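# Observations on the model geometry
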Amino acid sequence: MAASASAPPTTRSLKRIVAASLIGTTIEWYDFFLYGSAAALVFPKLFFPESDPLVGTLLSFLTYAVGFAARPLGALVFGHYGDRLGRKKLLVLSLLLMGAATFAIGLLPTHATVGVAAPILLTVPRLVQGFALGGEWGGAVLLVSEHGDAKRRGFWASWPQTGAPAGQLLATGVLSALTALLSDSAFGAWGWRIPFLLSGVLVIVGLWIRLSVDESPVFKAALAQAEARKGAAAAAEKMPLVAVLRHHWRDVLIAMGARMAENISYYVITAFILVYATTAAELSKQTALNAVLVASAIHFAVIPVWGALSDRFGRKPVYLIGAVGVGLWMFPFFALIDSRSFGSLLLAVTVGLIFHGAMYAPQAAFFSEMFATRMRYSGASIGAQFSSVAAGAPAPLIATALLENYHSSTMISLYVIAAALITVLAVVCAKETRHRDLENIETAPERDASAAVAADARTA
């Protein structure tokens with residue numbers, strides 16, 4: 001392996017970098033998940049009032065899916081410039097875009113004011129949200145992965161991943177508090193705008209923290225070597241996207257397959273559940289929101305644990321536990337919700353999110369370790385975000401349509417199980433990556449087996 005080109009960061013500086021990535025991702029996921037919760041609970045009446053309630057929910061989730069359609073474009077643009085200019089600059093830009101789009105949603109007129117123009121206006125900031133999030137994830141996890149301690153990379157890189165449950169926790173908590181404090185009429189008239197407008201304050205805090213961290217030392221070393229090659233009249237460096245497709249096309253496909261169960265299960269468990277619990281199970285909005293709220297807190301706590309386990313046992317075994325577990329849990333998941341008690345609902349969501357965490361926690365290190373430094377932002381982002389178009393984007397929409405057509409959760413369970421099988425196949429086909437050296441700037445190491453043996457011998 002290549003020798004380290006830079007001194008390892010101190011624990012204090014690494015914690016500051018982790019905190020900056022975590023707070024930024026929390027704010028961005030808050031913005032993104034807030035829309036998903038609102039799409040399930042209030043947008044059908046505000047933007048599609050002339051439709052049947054379940055059809056209105058379908059239309060609302062259609063605008064939700066639009067945000068995912070923009071994520072691959074964000075991955076391409078942010079990945080390209082993130083590999084050329086650095087991780088930090090692009091992370092600042094993504095946070096600004098996400099915050100501005102979410103704040104704008106809080107100012108939008110509803111169907112009662114502008115008629116059919118309202119849902120059209122709703123899709124514009126949603127597209128910006130998707131574009132920004134498509135570029136956010138790769139940069140945030142790389143900033144930590146490339147700063148971090150190689151032996152504990154899975155643990156440290158899992159912390160930006162906790163931004164998802166933290167954002168879900170924050171979004172659900174704000175909505176839950178407002179629905180508890182306000183009447184249904186007040187919440188529908190103006191209360192729903194408050195969580196979106198709050199994003200403006202959160203973005204200011206996130207920018208202040210994110211601007212305080214340094215660029216990734218691994219990226220700076222790779223950039224310096226690339227400049228040296230240019231100065232030596234070497235051949236022009238290929239665009240990151242071209243290099244990814246040439247050297248890492250297999251890794252991109254594996255990353256896309258690995259995300260299928262993780263992405264689909266998450267949006268079924270946290271977004272569609274608000275529809276299923278309040279319609280099929282006839283539970284109150286407050287009950288459903290409280291269950292997601294408590295389960296998200298537990299999800300937040302278990303992600304670093306799974307990340308640490310991936311450092312000890314490998315990325316693949318931990319990821320497979322999550323994929324198999326979430327597939328096996330789907331039938332019990334809906335059976336528990338159908339019992340119509342808060343305790344059963346909470347158990348269903350909590351266990352589902354614990355299995356999801358086993359996939360989501362090692363994902364940051366796993367995907368980072370698949371790609372070389374000068375194409376890592378592009379490769380990780382493309383693999384993660386292109387799959388979201390087929391996975392997370394239509395998941396609540398498909399689940400709602402299946403419920404509408406079959407009036408049963410059976411087909412929804414089979415849908416998630418099919419995604420789990422795809423993920424198991426993808427992860428089985430992947431190489432174990434936990435011993436890879438992120439400072440390799442050409443192509444991903446091909447001698448994974450020998451490297452793993454050597455590393456294990458040194459630590460034995």
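Residues numbered from 1 in each chain as written. Predicted model: local features only at pLDDT ≥ 70, side-chain atom pairs only at ≥ 80, totals over all residues. Heavy atoms only, no water.

Helix and strand content of the protein: 21 helices and 0 strands. Within the protein, contacts between residues at least 6 apart in sequence are counted, and of these 86% link residues at least 24 apart. Roughly 17100 Å² of accessible area belongs to the protein as shown, and the carbon and sulfur atoms make up 70% of that amount. (Helix = DSSP H or I, 4+ residues; strand = E, 2+ residues; numbered from the N terminus. Contact = heavy atoms within 4.5 Å. Areas by Shrake-Rupley, 256 points an atom, 1.4 Å probe, with all protein chains shown as cover.)

The next point concerns unusual backbone geometry. For Arg 340, which is not a glycine, the phi torsion comes out positive at approximately 65°. Within the secondary structure, Arg 340 sits in the loop between helix H16 (315-338) and helix H17 (342-368). Not every positive phi belongs to a glycine, and His 407 is a case in point at roughly 50°. Residue placement: His 407 occurs in the loop between helix H19 (395-406) and helix H20 (410-429).

Further remarks concern the packing of aromatic side chains. On inspection of all chains with the given rule, the structure shows 17 aromatic pairs. Plain terms: the ring middles of Trp 192 and Phe 196 are 6.0 Å apart, the flat faces sit at 75° to each other, and that makes the pair edge-to-face. Both residues of the pair, Trp 192 and Phe 196, count as buried. Taking the centre distance of 4.9 Å and the plane angle of 85° together, the rings of Phe 333 and Phe 334 count as edge-to-face. Of the two residues, Phe 333 and Phe 334, both sit in the buried class. Ring pairs connect the aromatic residues Tyr 35, Phe 43, Phe 47, Trp 192 and Phe 196, which therefore count as one cluster. Positioned over the ring face of Tyr 35 is Arg 126, at 4.3 Å from the centre of the ring. (Phe/Tyr/Trp six-rings, centres within 6.5 Å; stacked < 30°, edge-to-face > 60°. Buried < 20%, exposed > 50% of the residue type's maximum accessible area, 1.4 Å probe, protein only. Lys NZ or Arg CZ within 6 Å of the ring centre and 35° of its normal.)

Right, let's get into the nonpolar core. Counting residues in each nonpolar core, the largest one holds 118 residues, and the members touching the most others are Phe 43, Phe 333 and Phe 367. Broken down by element, this core gets its largest block of residues, 18 residues, from helix H14 (residues 249-279). Membership of the second largest hydrophobic core comes to 16 residues, among which are Leu 14, Phe 78, Trp 156 and Tyr 377. (Core = buried A, V, L, I, M, F, W, Y, C linked by side-chain atoms within 4.5 Å.)

Together, Leu 73, Val 77, Tyr 81 and Leu 85 line one region of the surface with nonpolar side chains, adding up to about 350 Å² of accessible area. For Tyr 81, the location among the structural elements is in helix H4 (residues 71-85). Residue class for Tyr 81 comes out partly exposed when judged on its relative accessible area of 42%. (Patch = residues over 30% accessible without salt bridge, like charges linked within 9 Å, V, L, I, M, F, W, Y side chains within 5 Å. Salt bridge = Lys/Arg side-chain N within 4 Å of Asp/Glu carboxyl O.)

Within the secondary structure, Gly 135 is located in helix H7 (residues 117-147). Once the C-alpha coordinates of Gly 135 and Arg 87 are considered, the two residues, 48 residues apart in sequence, prove to be 10.0 Å apart. Beyond its immediate sequence surroundings of up to four residues, Gly 135 is in contact with Gly 74, Ala 75, Phe 78 and Tyr 377.

Take the side chain of Ser 344 next. Here Ser 344 lies in helix H17. Residue Ser 344 is classed as buried on the basis of its relative accessible area of 17%. At a separation of 2.9 Å, a polar atom in the side chain of Ser 344 contacts the side chain of Ser 341. With residues up to four places along the chain from it excluded, the contact list for Ser 344 reads Leu 336 and Ser 339. (Polar contact = N/O pair within 3.5 Å; in protein donor to acceptor, adjacent residues only side chain to side chain.)

Attention shifts here to the packing of helix H8 (residues 153-161) against helix H15 (residues 285-313). At a minimum axis distance of 7 Å, the contact between H8 and H15 shows a crossing angle of 155°. When the axes of H8 and H15 are compared, the pair comes out roughly antiparallel. Along this stretch, H8 crosses H15, giving a crossing that reads as right-handed. Along its contact with H8, which presents Arg 153, Gly 154, Phe 155, Ser 158, Trp 159 and Gln 161, the element H15 presents Phe 300, Ile 303, Pro 304, Gly 307, Ala 308, Ser 310 and Asp 311. Its residues placed into classes, the contact of H8 with H15 shows 6 nonpolar, 5 polar and 2 charged. (Axes fitted to C-alpha atoms, helices over the stretch in contact; angles between N-to-C directions. Parallel < 35°, antiparallel > 145°, perpendicular 65-115°, else oblique. Left-handed = near helix turned anticlockwise from the far one by under 90°. Nonpolar A, V, L, I, M, F, W, Y, C, P; charged D, E, K, R; others polar.)

Close contact between H16 and H20 brings their axes to 9 Å; oriented N to C, the two are set at 170°. With respect to their mutual orientation, H16 and H20 come out roughly antiparallel. Residues Lys 316, Tyr 319, Leu 320, Ala 323, Val 324, Gly 327, Met 330, Phe 331 and Phe 334 of H16 form the contact with H20, whose own contacting residues are Thr 410, Ile 412, Ser 413, Leu 414, Val 416, Ile 417, Ala 420, Thr 423, Val 424, Val 427 and Val 428. Counted by class, the contact of H16 with H20 contains 15 nonpolar, 4 polar and 1 charged residues.

Within this structure, the stated rule accounts for 5 salt bridges. Arg 340 serves as the salt-bridge partner of Glu 282, at 3.4 Å between the closest nitrogen and oxygen. Taken together, the residues span a long stretch of sequence, with Glu 282 in the loop between H14 and H15 and Arg 340 in the loop between H16 and H17 at a distance of 58 residues. Glu 282 sits in the exposed class, given a relative accessible area of 58%. Taken together, the shared-partner salt bridges in this structure form one network comprising Arg 153, Asp 311, Arg 315 and Glu 369.

Of all residues in the protein, 88% have pLDDT values of 70 or greater, and the mean over the chain is 84. In the predicted structure, residues 1-6 sits below a pLDDT of 50 and forms 10 contacts with residues beyond four places in sequence or in another chain. Below pLDDT 50 for its whole length, residues 443-460 participates in 19 contacts with residues either more than four positions away or in separate chains. (pLDDT = per-residue confidence, 0-100.)

To continue, consider H19. Side chains that are three or four residues apart share a direction in an α-helix, a result of its 3.6 residues per turn. Compared with the 16 Å implied by 1.5 Å per residue over 12 residues, the 16 Å span of H19 between its first and last C-alpha is a close match. For H19, the complete set of buried residues consists of Ala 395, Pro 396, Ala 399, Thr 400, Leu 402 and Leu 403. End-on view of H19: buried residues confined to an arc of 160°, all on one side of the axis. Phi turns positive, to about 50°, at His 407, one or two residues after H19. (Expected span 1.5 Å × (residues − 1). Arc of directions from axis to C-beta.)

For the rest of this paragraph, the subject is the side chain of Arg 126. Summarising the element assignment, Arg 126 is placed in helix H7. Within the buried set, Arg 126 has no salt-bridge partner at all; the shortest N-O distance to an opposite charge, 9.4 Å, is to Asp 31. Every residue in contact with Arg 126, bar those within four places of it in the chain, is listed here: Phe 32, Tyr 35, Thr 63, Tyr 64, Gly 67 and Phe 68. (Lys, Arg positive; Asp, Glu negative; His and termini not counted.)

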